[in-house]
Amino acid sequence: MVDFKALETLVWVATLQSFHRAAARLNTTQPAVSQRIAQLEAEVGQRLLVREKRQVVPTDAGRRVLDYAERLLKLRAEMLHAVADRSAIRGTLRLGVAETIVHTWLPRFVERMAKAYPGLVLEIEVDITPNLRDRLVAQELDLVFALGAFAAAQLKNLPLSTYKLAFLAGPGLALPQPVDLATLATHPIMTFSRNTKPYLVLREMFSAPGLPPVRIHASSSMATILRMAEDGLGIAAVPEAIARLELASGRLRRLETTVVLPELDFFASWRMTPEAATPEAVATIAATVAAER
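The present account deals with the structure reproduced in this document. In this text the structure is predicted, and so the values were computed from the model without any measurement.

Remarks on the side chain of Glu246
Line of reasoning, step 1. Following the sequence through the fold, Glu246 ends up in helix H11 (residues 244–249).
Line of reasoning, step 2. In contact with Glu246, other than residues within four places in its own chain, are Leu226, Glu230, Arg251 and Leu252.

Listed below in structure tokens is the structure:
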């Protein structure tokens, strides 16, 4: 009888086009993957996979079996989430997170997940949004919480939270209020990494005619940016929500400004695979947690 483990193995080998990568994804060995495929081929009496130009691709029979396998795995995942106790949902979910989320509601989310899905292990990696998107598309992550919705085939997005950028400075930096763009440009500006939306918006903003050359320091570490602003080394351009403690204690203050800063919309994004029921359920929990203030 064909079992789900063999079907899952077929799906991952076909998706990743590699026995080796499928073994790593399934947390098993390459010989075990080869054995499962061989057993499945013996049961259906057809060759399902062949090697072409260093890649593993399905045969005509393999594509037909793959179609059934994906539908069966999708139905199984939907059944487990609809009927089974949540403790029956097991495995590892590879989660990529933008640092803004880390400094706002991620701890509450992790706590909620431990109660909702005690058998599900989270592998959390923090990175900038462009890298998270690339890794999601490359099948290296199952779910990401990042800036903006991802427009790509087979990707689904769910809104999470919205934060507005603010200019924050240490108490030692004396500035008239409200601060105009020309005055801001006389100080170093510290913000998100290059190639992120906030960095690109600020670079364009400070490229306006008549402004002095401005130094925009990019960093992937929000903690570093806030500490540098506290020490008076410049002005942080970050979401106000990540600096609640610093603002409450007076270590930082929000600058009133005539500049209109954009809002940053964060989304959960995942691939529409046969196993999408799990990342979708996790994304729904994240949206609930993010909405709690």
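Quick word on the environment of Ile128
Line of reasoning, step 1. Among the structural elements, Ile128 can be located in the loop between strand E4 (120–126) and helix H7 (129–137).
Line of reasoning, step 2. Measuring from C-alpha to C-alpha, the distance between Ile128 and Arg194 comes to 9.4 Å, with 66 residues separating the pair along the chain.
Line of reasoning, step 3. The contact partners of Ile128, leaving out residues within four places of it in the chain, are Ser193, Arg194, Thr196 and Ser220.

Some thoughts on the packing of helix H6 (residues 106–116) against helix H12 (residues 277–291)
Line of reasoning, step 1. Relative orientation of the contacting elements H6 and H12 amounts to 130°, with a least axis distance of 10 Å. Put simply, H6 runs oblique to H12. Along this stretch, H6 crosses H12, giving a crossing that reads as right-handed. Contact residues: H6 offers Arg108, Phe109, Arg112, Met113 and Ala116, while H12 offers Val282, Ile285, Ala286, Thr288 and Val289.

With respect to helix H1 (residues 4–16)
Line of reasoning, step 1. When the terminal C-alpha atoms of H1 are compared, their 18 Å separation across 13 residues agrees well with the 18 Å that a helix rising 1.5 Å per residue should span.
Line of reasoning, step 2. With 10 of 13 residues buried, H1 lies mostly within the body of the structure.
Line of reasoning, step 3. By the burial criterion, the buried members of H1 are Ala6, Leu7, Glu8, Thr9, Leu10, Val11, Trp12, Val13, Ala14 and Leu16.
Line of reasoning, step 4. Turning to H1, the residues buried within the fold contact helix H2 (19–25), helix H3 (30–44), strand E1 (49–52), strand E2 (55–58), helix H4 (60–82) and strand E11 (263–271).

A short note on the packing of aromatic side chains
Line of reasoning, step 1. Within this structure, the stated rule accounts for four aromatic pairs.
Line of reasoning, step 2. Relative to Phe145, the ring of Trp105 has its centre 5.6 Å away and its plane inclined at 45°; by these criteria the two rings are tilted. Placement of Trp105 in the loop between helix H5 (99–102) and H6 and of Phe145 in strand E5 (residues 143–147) is noted, with a sequence separation of 40 residues between them. Of the two residues, Trp105 and Phe145, neither departs from the other in class, the shared state being buried.
Line of reasoning, step 3. Taken together through their ring pairs, the aromatic side chains of Trp105, Phe109 and Phe145 make up a single cluster.

What about the nonpolar core?
Line of reasoning, step 1. Trp105, Phe109, Phe145 and Phe167 are the most contacted members of the largest nonpolar core, which has 65 residues in total.
Line of reasoning, step 2. In terms of residue count, the dominant contributor to this core is H12 (eight residues).
Line of reasoning, step 3. Non-local contacts of Phe145, meaning those with residues more than four positions away in its chain, are made with Leu95, Gly96, Val97, Ala98, Ile101, Trp105, Phe109, Leu132, Leu160, Phe267, Ala268 and Ala286.
Line of reasoning, step 4. Membership of the second largest hydrophobic core comes to 23 residues, among which are Val11, Phe19, Ile37 and Val56.

Comments concerning the side chain of Thr59
Line of reasoning, step 1. Note that Thr59 resides in the loop between E2 and H4.
Line of reasoning, step 2. Taking the relative accessible area as the measure of exposure, Thr59 reaches 15% and is therefore buried.
Line of reasoning, step 3. Once residues lying within four places of it in the same chain are set aside, the contact partners of Thr59 are Arg47, Leu48, Leu49 and Val50.

Digging into the pairing of E5
Line of reasoning, step 1. Taken across its five residues, E5 has five buried, putting it largely inside the fold.
Line of reasoning, step 2. Of the pairings in the sheet, the one linking strand E3 (residues 91–97) to E5 comprises three bridges and is parallel in character. In the strand pairing of E5, Leu95 is matched with Leu143.
Line of reasoning, step 3. Pairing analysis gives five bridges linking E5 to E11, with the strands arranged antiparallel. Of the residues in E11, the one forming a bridge with Phe145 is Ala268.

The rules behind each value
Residues numbered from 1 in each chain as written. Predicted model: local features only at pLDDT ≥ 70, side-chain atom pairs only at ≥ 80, totals over all residues. Heavy atoms only, no water. Helix = DSSP H or I, 4+ residues; strand = E, 2+ residues; numbered from the N terminus. Contact = heavy atoms within 4.5 Å. Axes fitted to C-alpha atoms, helices over the stretch in contact; angles between N-to-C directions. Parallel < 35°, antiparallel > 145°, perpendicular 65-115°, else oblique. Left-handed = near helix turned anticlockwise from the far one by under 90°. Expected span 1.5 Å × (residues − 1). Buried < 20%, exposed > 50% of the residue type's maximum accessible area, 1.4 Å probe, protein only. Phe/Tyr/Trp six-rings, centres within 6.5 Å; stacked < 30°, edge-to-face > 60°. Core = buried A, V, L, I, M, F, W, Y, C linked by side-chain atoms within 4.5 Å. Pairing = 2+ DSSP bridges.

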